[in-house]
Amino acid sequence: MKVHTTDQYHAMRSQGNGYVTSGRGHNEHMNYTGMGKFNAYPDHMRMVRQRNSSMFHPPGYHHKNALTLITELGSESNAHGLAKIVTSSDTKRKVIWALMVIIGFTAATLQLSLLVRKYLLFQVVELSEIKDSMPVEFPAITVCNNDPFSVRKLRLLFEKPDDTELMQWLNFTQKFNFGAEHTPHLTSIRAFYENLGEEARSISHDLDDFLIHCRFNQEKCHISNFTTFFDGNYFNCFTFNGGEQGEKLLMHATGPQNGLSLILSLDNDEPPLGSYGVYNLESNILHSAGARVVVHAPNTMPSPVDHGLDIPPGYSSSIGLKANLHTRLSEPYGNCSTARLPGMDYANTFFSCLQVCKQRIIIEECKCKSSALPDGPFGKNVSFCGAIPNWKNILAGRGGYKPGDRVPVTSFACEDRKMKELSNDRAYETSCQCYQPCGETFYQKAVSLSYWPLEFYQLYALQLFYGSDIKQSFMHEAYTLLNELSNISGLMKERNDTRAEDIIKESLTLTEKEKGQRASNLIRQNLLRLNVYMEDLSVVEYRQLPAYGLADLFADIGGTLGLWMGISVLTIMELVELIIRLFFLLFNSETKPPNFQDEEQEYVASNGMLANHLHSGHGPGHHTGQGHDMNEKEFVDASGFDFKMHTETMA
């Protein structure tokens, strides 16, 4: 019978469990490796491993290695394909299910990549919603006189000597030539401001003369409720509710009675005798009577030229408004901005940002600025392109030019060329970095007109508008004429009629009609009424929403994995459990080697007892010193070690 010695036991035990001994003795140092934790053994070592496992562990014990864990969790997995691979006993069936799992995994991966790409596009949809029963913010109203100059102030300048800057500039533009392409600009109102500066501002309209009456929301408003805004084409403009006071004007009612009502005087008096203005064919906005009105959101910069409405004199103009609100998304879905215009006290709008950007481009390329654009932070100390620095010396004959010579205006030529390029090509917008505001309110406008004021009410209207100051106003002539026509006693004297009732029944004479017509023309050429009100308190909000959000992505990922592989969140948790258990298996086997000291001693003791028994001449089935017979089966059952004993025949 072949018996295992102690050295043979060490070799078998260390190899079966993935351990390597450094010597043959029992007490020599033992090194252990991680080969056995993943069940990676040669065939002869696996057989020893199985025998050792059955020898040293009680019945029902299962040793946990990597393959065992994967097999166990695979058979219990909710991913049906994986369970089929693990539990199938037929090899062909395993292969078929493995191919199906691979195909499903590939299809799921492709579809998931499309879903992720769709999400990373960050597309948006715009949803419109009508909001009722909420107060609406009243807009800012900017009004400008279509004629930038006050005729009354011009009369005062003409009364002064000819050495005023105004008269000198007019003489300069008449005596010298600037070329056919530049003469219209040099004789325009813009060039007048570019070369005279503050003197041009001084002859613009004042709010005291421009505003006759103001009423807002059934309460009287005053000049203090307005701020001044200067425009290169209209000069002084005046803004109601510009936002500087910090309080929002909220509207709770509709109609003209609850809005803003302005009565404006345009100062369209007859020009001074012997004078006339130069008409500019290249301007499509000037040389008309009336007011230019801009309706815009508070705290935003008005643009009378681009966004204004012309309100004619002699009419009562009504502008009905409906508020619309735009709410936009910021990064990563959009690039809206909440910042203010750089270097300015206005909130950001896309249009005003582009205007400031145009000014910056002109300053960079022409080294001058345009009076048609806002200065912005770049044009504080930069001269206008249309300015001729030495025009006074040229007029005085000290500039080397004679009357009739052409005076070059290279700076304005650069501005004119660049403005045409910017108007015909929007490629410059990419360098401006202008973005739409994240929150913006704009107003839809509906304009209506009616004849105003009727001749029957003109006299009393003048008394209310001007009061005792009517004598200092150019409207005094109209007031005098109407007062004469309304004086019954005076008419009775002229007609030698003592009966007032007969005078009332009679028609006006030709002279009296001419007087009435003259007074009515003066009134209707100079006065207008403007009503701005909310005609609907319902706010239409256009709100941007993510077209494909994170919740949609997760839902589609779950649907894709469930469709192609039958995987859910719980299946992923099973994979997490497998990873954790494999980690602990690796961690335990590398940090804490198994303790086989007691098992070795028991094995050696049993092996030694068996050797002594055989050497004493007792075979299996003989009676031992302990009082009973032990055959081979009984010995295996008693020791728990499945080894083979056989007897060698001695020759």
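Residues numbered from 1 in each chain as written. Predicted model: local features only at pLDDT ≥ 70, side-chain atom pairs only at ≥ 80, totals over all residues. Heavy atoms only, no water.

1. Description of the overall build of the protein chain
Scanning the protein chain from terminus to terminus reveals 25 helices and 16 strands. Within the protein chain, counting contacts between residues at least 6 apart in sequence, those at least 24 apart form 74% of the total. Element-wise, carbon and sulfur atoms account for 55% of the exposed surface of the protein chain, whose accessible area totals about 37000 Å². (Helix = DSSP H or I, 4+ residues; strand = E, 2+ residues; numbered from the N terminus. Contact = heavy atoms within 4.5 Å. Areas by Shrake-Rupley, 256 points an atom, 1.4 Å probe, with all protein chains shown as cover.)

2. Looking at the nonpolar core
In terms of nonpolar packing, the biggest core is built from 44 residues, with F149, W169, F172, F178, F192, F235 and I388 touching the most fellow members. Counting residues per element, the ones that place at least two in this core are α6 (151–158), α7 (165–175), α9 (189–196), β8 (226–231), β9 (235–240), α13 (350–366), α14 (391–395) and α15 (410–424). In terms of nonpolar packing, the next biggest core, distinct from the first, is built from 32 residues, C214, V295, I319 and L528 among them. (Core = buried A, V, L, I, M, F, W, Y, C linked by side-chain atoms within 4.5 Å. Buried < 20%, exposed > 50% of the residue type's maximum accessible area, 1.4 Å probe, protein only.)

3. What to know about the pairing of strand β14 (residues 315–327)
Here β14 pairs with strand β15 (residues 439–451) via 13 bridges, running antiparallel. When the sheet's bridge partners are listed, G320 is paired in β15 with A446. Pairing of β14 with strand β16 (residues 527–546) involves 11 bridges; the strand directions are parallel. Looking across to β16, one finds that S317 is bridged to L530. (Pairing = 2+ DSSP bridges.)

4. Comments concerning the side chain of N268
Tracing the backbone shows N268 in the loop between β11 (260–265) and β12 (291–296). With residues near it in sequence (within four places) discarded, N268 still touches A289, F474, Q525 and N526.

5. As for a nonpolar patch on the surface
A cluster of nonpolar side chains, namely V569, L570, I572, M573, V576, I580, F583, F584 and F587, defines an oily patch on the protein surface of about 870 Å² accessible area. Among the structural elements, L570 can be located in helix α23 (residues 569–591). (Patch = residues over 30% accessible without salt bridge, like charges linked within 9 Å, V, L, I, M, F, W, Y side chains within 5 Å. Salt bridge = Lys/Arg side-chain N within 4 Å of Asp/Glu carboxyl O.)

6. Focus on the sheet that holds β8
In spatial order, the strands read β8-β9-β5-β12-β13; together these 5 strands make up an open sheet with antiparallel pairing. Two strands in the sheet have a free side with no partner beyond their single neighbour: β8 and β13 (309–311). Averaged over neighbouring strand pairs, the angle between their axes works out to 30° when direction is ignored. Examined bridge by bridge, strand β5 (residues 140–145) and β9 share 4 bridges and lie antiparallel to one another. Paired with T142 across the two strands is T239, which belongs to β9. (Axes fitted to C-alpha atoms, helices over the stretch in contact; angles between N-to-C directions.)

7. So, α7
Considered for burial, the residues of α7 that qualify are L166, M167, W169, F172 and T173. Where the residues of α7 are buried, they touch α6, α8 (183–186), α9, α10 (198–202) and α14.

8. A short note on the confidence of the model for the protein chain
If pLDDT is low for a region, its predicted coordinates should not be looked at in detail. For the protein chain, per-residue confidence averages 80 on the pLDDT scale, and 76% of positions sit at 70 or higher. Predicted confidence for residues 9–41 stays below pLDDT 50, and this span has 77 contacts to residues more than four positions away or in other chains. This stretch, residues 609–651, has a pLDDT under 50; its non-local contacts, to residues over four places away or in other chains, come to 48 contacts. (pLDDT = per-residue confidence, 0-100.)

9. Quick notes on the packing of helix α4 (residues 80–87) against helix α5 (residues 91–120)
Interhelical geometry of α4 versus α5 gives an angle of 160° and a closest axis separation of 8 Å. Of the possible angle classes, the one that applies to α4 and α5 is roughly antiparallel. Two packed elements cross with a definite hand, and for α4 against α5 that hand is left-handed. Contact with α4, carried on its side by G81, L82, K84, I85 and V86, involves R93, K94, W97, A98 and V101 of α5 and no other residues of that element. Considered class by class, the residues forming the contact of α4 with α5 number 6 nonpolar, 1 polar and 3 charged. (Parallel < 35°, antiparallel > 145°, perpendicular 65-115°, else oblique. Left-handed = near helix turned anticlockwise from the far one by under 90°. Nonpolar A, V, L, I, M, F, W, Y, C, P; charged D, E, K, R; others polar.)

10. Some thoughts on the state of the cysteines
Put plainly, two cysteines are in a disulfide when a covalent bond ties their sulfur atoms together. For the structure shown, the criterion picks out 7 disulfides. At a sulfur-sulfur separation of 2.0 Å, the disulfide partner of C353 is C434. Residues C353 and C434 share a disulfide whose torsion about the S-S bond is about -80°; that sign makes it left-handed. Here C434 lies in the loop between α16 (429–432) and β15 and C353 lies in helix α13, a separation of 81 residues in the sequence. Of the two residues, C353 and C434, both sit in the buried class. Across a sulfur-sulfur distance of 1.8 Å, C357 and C432 are joined as a disulfide pair. Taking the sign of the S-S torsion, about -80° here, the bridge from C357 to C432 comes out left-handed. Here the residue C357 occupies a position in helix α13, and C432 occupies one in helix α16, the gap between them amounting to 75 residues. Judged by its relative accessible area of 12%, C432 falls in the buried class. (Disulfide = S-S within 2.5 Å.)

11. Some details on the pattern of salt bridges
Tallied over the entire structure, the rule returns 22 salt bridges. When the shortest N-O distance is used, the salt bridge between K515 and E484 registers 3.4 Å. Remark: E484 occurs in helix α18 (residues 476–485) and K515 occurs in helix α21 (residues 510–526); sequence separation between them is 31 residues. Residue classification places K515 among the partly exposed positions, given a relative accessible area of 27%. By relative accessible area, E484 is classed as partly exposed at 38%. Connected via shared salt-bridge partners are E129, K131, E541 and R543.

12. Here we look at the packing of aromatic side chains
A complete count under the given rule lists 21 aromatic pairs for this structure. Measuring from centroid to centroid gives 5.3 Å for W169 and W391, while their planes differ by 85°, and the two rings are edge-to-face. Taken as a pair, W169 in helix α7 and W391 in helix α14 lie far apart in primary sequence, 222 residues in all. Given a relative accessible area of 4%, W391 falls into the buried group. (Phe/Tyr/Trp six-rings, centres within 6.5 Å; stacked < 30°, edge-to-face > 60°.)

13. Looking at unusual backbone geometry
Omega for the bond connecting E331 with P332 falls within 30 degrees of zero, at 0°, which places this linkage in the cis form. Within the secondary structure layout, P332 lies in the loop between β14 and α13. In this model, W452 is joined to P453 through a cis peptide bond whose omega is -15°. With respect to the element layout, P453 can be found in the loop between β15 and α17 (458–466). We note that N217 has phi near 50°; this positive angle belongs to a residue other than glycine. Structurally, N217 can be placed in the loop between β6 (211–216) and β7 (219–220). Look at N217 and you get partly exposed, because its relative accessible area is 34%.

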